[in-house]
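One letter stands for each residue in the lines below.
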Amino acid sequence: MEKLLRKTGINQSLRCLLIVASLLFGSSANVWAEDTVVDFSAGLPSGWTKTAGTTANTSYGSPSTKCLQLQKTTTINSPVYATAFESLKINIDRSGNGTTLTLSYQIGSNTAVDIKTFKLTASNKFSEETITLPAAAQVSGVKFILKSAKSSYYVSKITLTPKTSSGGGEERNLSFGATTSFDAEVGGTFSAPTLTGVT
């Protein structure tokens, strides 16, 4: 099959497409990056640290959900992430006496900056909160901080979505001319695309 692909030139053309895609996106974004899922069902995840207060591995809500309990005035920190994220989803609930849970970010030794303070209504049911991160937090080297106040909040999962925008610049396009499709069968023909907008 490899010999047949070489004979038709399809294999070489596909390699060219991968190179072109790298030129288009590789230096400014990871288009194919997957979400980072942080699971709190077994307690404080690997790499996360408690800097104040008390945490407990527990189950809470209806239906019962395994999660991490942040008791009164508790703070936990994520590891420093090499990936730049543009948004996150957090699954949380609060106790009957719970008041607020604050999400912050920190870059290096700079002062932590609050992103959002959650003030849920006690419902005994986890809710998924979606947060678009501020531009200043959408960088490599970010750390996230969660801090509860007065009484318990419960965290079951955080999903971090990588930044995928190209970061601006001149528009770049692939042109296939009059060809809108091609036959990928052995013996088919394929015209290499033309890249525009790159100097």
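Remember, it's a predicted structure, so these values are computed and weren't measured experimentally. (Residues numbered from 1 in each chain as written. Predicted model: local features only at pLDDT ≥ 70, side-chain atom pairs only at ≥ 80, totals over all residues. Heavy atoms only, no water.)

Novice: Give me the lowdown on the overall build of the chain, citing residues and values where you can.
Specialist: What the chain contains, in helices and strands, is two helices and 13 strands. A buried classification covers 34% of the 199 residues belonging to the chain. For the chain, contacts bridging at least 24 residues in sequence account for 75% of all contacts bridging at least 6. (Helix = DSSP H or I, 4+ residues; strand = E, 2+ residues; numbered from the N terminus. Buried < 20%, exposed > 50% of the residue type's maximum accessible area, 1.4 Å probe, protein only. Contact = heavy atoms within 4.5 Å.)

Novice: Break down the nonpolar core for me, with residues and values.
Specialist: Counting residues in each nonpolar core, the largest one holds 26 residues, and the members touching the most others are Phe 144, Leu 146 and Ile 158. For this core, the secondary-structure elements that each account for two or more residues are β4 (65–70), β6 (85–94), β7 (100–107), β10 (142–149) and β11 (153–162). Contacts of Ile 158, omitting those with residues within four sequence positions, involve Thr 36, Val 37, Val 38, Phe 40, Trp 48, Lys 89, Ile 90 and Leu 146. (Core = buried A, V, L, I, M, F, W, Y, C linked by side-chain atoms within 4.5 Å.)

Novice: How would you sum up the pairing of β6? Please name residues and give values.
Specialist: In terms of residue burial, β6 counts as a mostly covered element, since eight of its 10 residues are buried. Judged from the nine bridges that link them, β6 and β11 form a sheet pairing that is antiparallel. Bridging from a neighbouring strand, Ile 92 pairs with Val 155 of β11. Two elements, β6 and strand β9 (residues 127–132), share six bridges in a ladder whose sense is antiparallel. Each bridged residue has a counterpart across the sheet, and for Ile 92 the counterpart in β9 is Ser 127. (Pairing = 2+ DSSP bridges.)

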